[in-house]
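Coordinate analysis (summary)
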Amino acid sequence: METNTFLQMEKGIFIAAVVLYLAAMVLYLVYFALKIEKTAKIGNAATVLAFILHTAALVVRGIGAGRLPLTNQYEFATSFAWGICLCYLIFLWKFKFQALGAFVTPVIFLIIGYAAMQSKEVHELMPALQSNWLAVHVMTAIISYGSFGVAFAVSLMFLIKGKTAGQPFWDKNVPSEKKLDSISYRAVCLGFLFLTLVLITGAIWAEAAWGSYWSWDPKETWALITWIIYAIYLHLRISRGWKGKNAAIFAVIGFICVIFTYIGVNTLLPGVHSYA
């Protein structure tokens, strides 16, 4: 099959995945608004199906492009959304509370919506990107950002939970503040581990490509700022027992920095990472 055929297939599968993510988001929000538990279960099924189609779209694009689909704004944005959905489904399976979907799916939909607005053209890789480090560096970023996305959603739930005391729906369907705090902490730990790998692999790759481990490129700088923010979060939590509302606010701020590192830097502070 020709490259254009694969890319046309990817376009159709991608659109189907976007529609399913939108449907899942609406179903989860209806679940919250009307307290109909069945809609959450349908939302779970829609999210799983969207994730399967999303994965298929990435695979088909990779085949059509003849490389990993991780090298431009569109490809990284859709992979970013994929990473958040992957981490969400893992946390949903482990902790089994469907209400999380109402907070995660809007984030997934906004990011994949951003991806849909980017150019989907396939270009030949620049020499610096023709490296085996590409897969390791970008995949660790996807898992890291996905984990931080889940921590962000859980932290929002924590902040709202404190204002819903005594409401039967929240008491029944949303874990306790202590449990939410613990889940957010685990997600941040996972994200921080992979973000550390992002910085390490990026430095090694940069030395091989440009002869320098660190060049203070805007995206490198903001990735480091994000790492420092989460490092402070973990330090305060481990050494001073910092939990609760302050920790949740810190996790929200951290994810805002993640979004700026990806979208804001590319838009306002172009550098050698402008391709993604």
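A brief look at the structure comes next. From a predicted model like this one, the values you see are computed outputs, not experimental measurements. (Residues numbered from 1 in each chain as written. Predicted model: local features only at pLDDT ≥ 70, side-chain atom pairs only at ≥ 80, totals over all residues. Heavy atoms only, no water.)

**Here we look at the overall build of the chain**
Under the convention used in this document: Strands are runs of DSSP state E lasting at least 2 residues, helices are runs of H or I lasting at least 4, and numbering of each runs from the N terminus. The buried label goes to any residue with under 20% of its type's maximum accessible area, the exposed label to any with over 50%, and the partly exposed label to all in between, with areas taken from a 1.4 Å probe on protein chains only. Contact between two residues is taken to exist if any of their heavy atoms lie within 4.5 Å; hydrogens are not considered. Surface accessibility follows the Shrake-Rupley procedure with a 1.4 Å probe radius. Residue values consider only the protein chains on display as shielding.
When its secondary structure is counted, the chain shows nine helices and zero strands. Counting from the amino terminus, helix and strand elements in the chain follow one another as α-α-α-α-α-α-α-α-α. Buried residues in the chain amount to 53% of all 276 residues. In the chain, the share of contacts with a sequence separation of at least 24, taken over all contacts with a separation of at least 6, comes to 79%. Of the roughly 12,700 Å² of accessible surface on the chain, 69% is carried by carbon and sulfur atoms.

**Notes on helix H5 (residues 133–161)**
Counting along an α-helix, one turn takes 3.6 residues, and residues three or four places apart therefore face a common direction. Heads up, the condition is: Expected span of a helix: the number of residues minus one, times 1.5 Å.
With 29 residues, H5 extends 42 Å from end C-alpha to end C-alpha; this agrees with the ideal 42 Å at 1.5 Å per step. In terms of burial, H5 is a largely internal element, 22 of the 29 residues being buried.

**Some words on the side chain of glutamate 75**
Note the following rule: Definition of a polar contact: a pair of N or O atoms within 3.5 Å, with one able to donate and the other able to accept a hydrogen when the atoms are protein atoms, and with sequence-neighbouring residues admitted only if both atoms are side-chain atoms.
Structurally, the position occupied by glutamate 75 is in helix H3 (residues 73–95). Here arginine 61 takes part through its side chain, which lies 2.8 Å from a polar atom of the side chain of glutamate 75. Apart from the residues within four sequence positions on either side, glutamate 75 is in contact with Arg61, Arg67, Leu68, Pro69 and Leu70.

**Thoughts on the packing of H3 against helix H4 (residues 101–116)**
Stated formally: The axes are straight lines fitted to the C-alpha atoms, using for helices just the contacting stretch, and the angles between their N-to-C directions are given from 0 to 180°. Small angles under 35 degrees read as roughly parallel and large ones over 145 as roughly antiparallel, with 65 to 115 read as roughly perpendicular and the rest as oblique. In this scheme the crossing of two helices becomes right-handed for a clockwise turn of the near helix relative to the far one and left-handed for an anticlockwise turn of less than a right angle.
Remark: H3 packs on H4, axes separated minimally by 8 Å, with the N-to-C direction vectors making an angle of 165°. In terms of orientation, H3 lies roughly antiparallel with respect to H4. You can see that H3 and H4 cross each other, and the crossing is left-handed. Across the interface between the two elements, Gln73, Tyr74, Ala77, Thr78, Phe80, Ala81, Ile84, Cys85 and Tyr88 from H3 touch Gly101, Val104, Val107, Ile108, Ile111, Ile112, Tyr114 and Ala115 from H4.

**Quick look at the nonpolar core**
Spelled out, the test is: Residues belong to one nonpolar core when they are buried, are Ala, Val, Leu, Ile, Met, Phe, Trp, Tyr or Cys, and are joined through side-chain atoms within 4.5 Å.
Core analysis: the largest hydrophobic core is formed by 82 residues, its most contacted members being Phe32, Phe80 and Phe255. For this core, the element with the most residues is H3, which contributes 14 residues.

**Re the packing of aromatic side chains**
What counts, and what does not: Any two of the Phe, Tyr and Trp rings considered here, Trp counted by its six-membered ring, make a pair once their centres fall within 6.5 Å; the pair's planes then place it as stacked at under 30 degrees, edge-to-face at over 60, or tilted in between. Only Lys NZ and Arg CZ are tested; either one counts as a charge over a ring when it is within 6 Å of the ring centre and within 35 degrees of the ring normal.
Inspection of every chain in the model, using the stated rule, returns 16 aromatic pairs. Arranged with centres 5.4 Å apart and planes meeting at 70°, the rings of phenylalanine 14 and tyrosine 74 form a pair that is edge-to-face. On the criterion of sequence distance, the pair formed by phenylalanine 14 in helix H1 (residues 3–34) and tyrosine 74 in helix H3 is long-range, its members being 60 residues apart. The class for tyrosine 74 is buried, based on a relative accessible area of 0%. Note on phenylalanine 76 and phenylalanine 80: the rings are 6.3 Å apart at their centroids and 40° apart in plane angle, and the pair reads as tilted. Here the residue phenylalanine 76 and the residue phenylalanine 80 both occupy positions in helix H3, the gap between them amounting to four residues, near one helical turn. Neither phenylalanine 76 nor phenylalanine 80 differs from the other in exposure class; each is buried. An aromatic cluster is defined as three or more aromatic residues linked by ring pairs; in this entry it consists of Tyr31, Phe32, Phe103, Phe169 and Trp170. When the ring centre of phenylalanine 169 is taken as origin, the NZ or CZ atom of lysine 35, which lies over that ring, is 5.2 Å away.

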